[in-house]
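Tertiary structure, described
Letter by letter, the chains look like this.
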Amino acid sequence: MSFGLSFAAWGLISAFAPAFRTELGLSAQSTAFLVAVPVLLGSVARLPIGFLTDRFGGRVLFPLLFLWVAAAAAIVPSARTYDQLIGYAFLLGLAGSSFAIGVGFVARWFPPALQGTALGIYGLGNMGHSAAVFLGPLAASSYGRDIVFYGLAAVSVVWAFAFFAIARDAPVAVRPSSAGAALKILATERLSWALSAFYFLTFGGFVAFSVYLPTLLRDEFGLTLTDAGFRTAGFVVLATLMRPVGGGLSDRIGGAAVLSGVFGGLVPFALLLMWPSILPFTVGALGCAALLGIGNGAVFKLVPQFFPQATATVTGLVGAMGGLGGFFPPLVLGFFRDRLGALWPGFGLLALTAAVLWVVNERVFLPRQRAMERGPAMRLPSRLDQQLRAGAWATMATGLLAAAIVVGSRNLQNFDPALVIYTFAVVFATWGIVYHYAVWLNKPPTRRFFERTFELMRSEGFPRSASTIGRTFISHIVTQRFIGSRSTLRWWMHQLIFWGCILAVAITFPLVFGWIHFGSAPDDQMTYVTYLFGFPVGSFRIRTALSWIIFHGLDIAAVLVLSGIALALWRRLRDRGALALQDFSSDFLPLIMLFAISVTGLALTASTLWLRGAFYGFLSILHAITVIGALLYLPFGKFFHIFQRPAQIGVKLYQEAGARDPGVACARCGQPFASRLQMEDLERVLPELGFDYRIGGPAGTWQRLCPPCKRTTLAAAQLRIQENAVGRTTGPR
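My aim in this report is to walk through the structure given alongside it, one point at a time. (Residues numbered from 1 in each chain as written. Predicted model: local features only at pLDDT ≥ 70, side-chain atom pairs only at ≥ 80, totals over all residues. Heavy atoms only, no water.)

Turning our attention to a nonpolar patch on the surface. A cluster of nonpolar residues, Leu52, Phe56, Val60, Leu64, Leu67, Val157, Phe161 and Phe164, forms a patch on the protein surface that exposes about 730 Å² of accessible area. When residues of the nonpolar patch are traced back to their parent elements, those giving at least two are α4 (46-56), α5 (58-75) and α10 (145-166). Structurally, Phe164 can be placed in helix α10. In this structure Phe164 comes out as partly exposed when scored by relative accessible area, which is 40%. (Patch = residues over 30% accessible without salt bridge, like charges linked within 9 Å, V, L, I, M, F, W, Y side chains within 5 Å. Areas by Shrake-Rupley, 256 points an atom, 1.4 Å probe, with all protein chains shown as cover. Salt bridge = Lys/Arg side-chain N within 4 Å of Asp/Glu carboxyl O. Helix = DSSP H or I, 4+ residues; strand = E, 2+ residues; numbered from the N terminus. Buried < 20%, exposed > 50% of the residue type's maximum accessible area, 1.4 Å probe, protein only.)

Here we have 3 strands laid out as an open sheet, ordered β1-β2-β3, and antiparallel in their pairing. Of all the strands in the sheet, the pair left with one neighbour each is β1 (516-521) and β3 (535-541). The sheet shows a mean angle of 30° between the axes of neighbouring strands, taken without regard to direction. As defined by bridge partners, strand β2 (residues 524-532) adjoins β3 across 6 bridges and the pair is classed as antiparallel. Looking across to β3, one finds that Tyr528 is bridged to Phe540. (Pairing = 2+ DSSP bridges. Axes fitted to C-alpha atoms, helices over the stretch in contact; angles between N-to-C directions.)

Glancing now at the nonpolar core. Judged by nonpolar contacts, the single largest core of 114 residues is most densely connected at Leu92, Leu216, Phe235 and Leu266. The biggest single contributor to this core is helix α12 (residues 190-221), with 14 residues. Contact partners of Leu266, with chain neighbours within four places excluded, come to Leu201, Cys288, Leu291, Leu292 and Ala354. Counting residues in each nonpolar core, the second largest holds 29 residues, with Phe513, Ala568, Ala630 and Phe640 among its members. (Core = buried A, V, L, I, M, F, W, Y, C linked by side-chain atoms within 4.5 Å. Contact = heavy atoms within 4.5 Å.)

This part takes up the environment of Gly663. With respect to the helices and strands, the residue Gly663 is situated in the loop between α31 (649-660) and β4 (664-665). For Gly663, a relative accessible area of 28% translates into the label partly exposed. In this structure the C-alpha to C-alpha distance between Gly663 and Glu460, which are 203 residues apart in sequence, comes to 17 Å. Beyond its immediate chain neighbours, meaning those up to four positions away, Gly663 contacts Ala674, Ser675 and Arg676.

With that out of the way, let us pick up α31. Burial in α31 covers these residues: Ile649, Gly650, Leu653, Tyr654, Ala657 and Gly658. Down the axis of α31, the smallest arc covering the buried residues is 160°, so these residues share one side. The elements touched by buried residues of α31 are α21 (444-460), α22 (462-478) and α32 (676-688). (Arc of directions from axis to C-beta.)

Bridge analysis of β1 against β2 gives 6 bridges, and the strand direction is antiparallel. Residue pairing for β2: Phe518 is matched across the bridge by Thr530. Here β1 hands over to β2 after 2 residues, the two strands then running antiparallel side by side.

Attention now moves to the packing of helix α20 (residues 420-441) against helix α29 (residues 616-633). In the contact formed by α20 and α29, the axes pass within 9 Å of each other and the chain directions differ by 10°. With respect to α29, the element α20 is oriented roughly parallel. Residues Ile421, Tyr422, Ala425, Val426, Phe428 and Ala429 of α20 touch α29, and the partners they reach there are Ser620, His623, Ala624, Val627, Ile628, Leu631 and Leu632. Taken together, the residues that form the contact of α20 with α29 break down as 11 nonpolar, 2 polar and no charged. (Parallel < 35°, antiparallel > 145°, perpendicular 65-115°, else oblique. Nonpolar A, V, L, I, M, F, W, Y, C, P; charged D, E, K, R; others polar.)

Before going further, it helps to spend a moment on the packing of aromatic side chains. In this structure the tally under the stated criterion is 29 aromatic pairs. Pairing Phe509 with Phe513 gives two aromatic rings, centres 5.9 Å apart and planes at 45°, and the pair type is tilted. Pair noted here: Phe509 and Phe513 are both in helix α24 (residues 488-513), with a separation of 4 residues, about one helical turn. Exposure remark for Phe509: the relative accessible area of 26% places this residue in the partly exposed category. (Phe/Tyr/Trp six-rings, centres within 6.5 Å; stacked < 30°, edge-to-face > 60°.)

It is worth spelling out the pattern of salt bridges at this point. Throughout the structure, instances matching the rule amount to 16 salt bridges. The residue Arg452 makes a salt bridge to Glu680 at a minimum N-O spacing of 3.3 Å. Residue Arg452 is found in helix α21, and its partner Glu680 is found in helix α32; the two are separated by 228 residues along the sequence. With a relative accessible area of 10%, Arg452 lands in the buried category. Take Glu680: its relative accessible area is 34%, and that puts it in the partly exposed class. The salt bridge involving Asp587 is made with Arg572; its shortest N-O contact spans 3.2 Å. Taken together, the positions of Asp587 in helix α28 (residues 584-609) and Arg572 in helix α26 (residues 553-574) put the pair 15 residues apart, joining distant regions of the chain. Neither residue differs from the other here; Asp587 and Arg572 are each classed as buried. One network of salt bridges, with partners in common, ties together Arg447, Arg448, Glu451, Arg452, Glu455, Arg676, Glu680, Asp681, Arg684 and Glu688.

Right, let's get into the side chain of Ser598. The topology assignment puts Ser598 in helix α28. Judged by relative accessible area, which is 6%, Ser598 ranks as buried. Leave out the neighbours within four places in its chain, and Ser598 touches Ala558, Val561 and Leu562.

Here we come to the side chain of Thr202. Following the sequence through the fold, Thr202 ends up in helix α12. Within the structure, Thr202 has its side chain in polar contact with the side chain of Asn296 (distance 3.1 Å). (Polar contact = N/O pair within 3.5 Å; in protein donor to acceptor, adjacent residues only side chain to side chain.)

What follows deals with the environment of Thr232. Mapping Thr232 onto the fold places it in helix α13 (residues 225-253). Sequence separation between Thr232 and Tyr212 is 20 residues; the distance between their C-alpha atoms is 9.0 Å.

Relative to each other, α24 and α26 sit at 155°, their axes nearing to 8 Å. Regarding the angle of α24 to α26, the classification is roughly antiparallel. Between α24 and α26 lies a crossing whose hand is left-handed. Of the residues that constitute the contact of α24 with α26, the class distribution is 19 nonpolar, 5 polar and 2 charged. (Left-handed = near helix turned anticlockwise from the far one by under 90°.)

Coordinates in, geometry out; function isn't part of it.
In structure tokens:
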């Protein structure tokens, strides 16, 4: 509640910025500077305020801050010039420093395992800014703008005394011994500055949108002040509600893992903001809101984790940088608008910054988090942890797909409503596929294999790695020669089904998403123009061989798939090995689904060409059911190996690198039996799975014995057990 009230005061200037701009005749850059000035003091003041909170506690600092806010809010109505307004806005900006007080106050009351969630709940106070932006102009229309500022001043005075009477500082608090000790932390701890850069983007982006979005929406899209305020309030509320989600996720899966997804997801959503249309801009803004809110919660999970003895001090630094991150973007956007007449370069900088910070997080914080997870007090991730991590990635991927559909179809202009059921099926299937893939990828053996693959790509050099990966892709994915070595019949079967499905996907998905559509040429109705993402990319005459192939591409795909299915059934009904091992769910159900899709698709063509549309309605519904059923089945069962198969490309790289290393000799017989890479990865992954294979003697672990020596050791142990049992039964001889 305290954070919400102080943030409401912090946001009042931006709430009335459009009105101040009209009254004083301000330019876009002057208006941007006005809304950025409170951010400046609120940001810079967080550093000393954070240090003071470490020293004296939040119970003292929060009431003093509210008395300051009351005085500053009370004098704003007396401003008559732009300079006076700038000065008063600067004083009111101290309310933004409340964040450093609250984080230091709250974090001490909770153990590390709950601090992310607790600070995320505290961060709900961000909605105070939303209330100011939306309710401030609304209240001013009924009671006058001056009453709004005076009312806030009165509430701040009352709350100052209420907070001092109710609040209590945590009984155990470790504080820096002096200002020098606090400054030493900031000067020597590079991690604090890395966290500052993270918050510069996540909170700075939130603040920048919050204070500048009303002006931007009015200038760029011609919205009314009320509509712009409502949309801004929605942005702030979404970002704020996602803050505790980010904190809770960070408690479960680690702040660095959450930030990895946040920074990676911000890039495409920031690029959407560059689109000069309200729909993609809205999608991009809401995507950024959700990710920035999650990122805010994740950053302040890391602060008490890495700096438990100086949480408020480091929070002051991180919060100051975050506030400065909100100070500069409005100025940059105002500059671009005044000088270039466009805002898109500013959003391009946002995407670039997110990409750079993603790299920093991958190289600095994510390895530390994984090292802590593998440490002596290693906690194996629970099933819920894995589900949350996978669900976050799946939700982000689905959101990006939805955004790509909106943009690629030119704001749904080229989207075919008749295909909407297929689109939703693909979206649901995407969520399930990414979720399953993320769970699979997060298993310690799979994760280590992928990490090792990328390490080898860097260490082996690009030319050698690219050559190996290229050869493996051609042999294992394109030509599938490893299947041909088993049976020519199986090779033909896989090739027909593989290329038939690839052709169907290449045609169907772009059409379903509205990325490809066809139209008649303006000057020739016998010529069709192909549009990709709304841009013409080619044309062709109808009633030609080329047009027949294009219009019947799905029929060709169906024939290929049916031919492959026929070979598969021929083999499965005659091959003794297949008869002994096959089962319905893994071997026949996928074939039945592909058969149903292909046959119903061909039936639609037959109805159109030869039956004058007879039964077309029934057949279209039946075809839709078969396609949707297969799409929803993709994340499960045998079809999922389609997405796992490309992972084998890195196996060859791993094998070649292992063949070149000196290898590992058996600790018992001295014979080499495994590569060094394999041994290192085994000894690293098995403890993560909860297995302890340590043994006495020179081997140290069971993995250091070759297979023959393992069998010999087991046999010797069994003989000793038997001899001991016999000895206990017969007694000494």
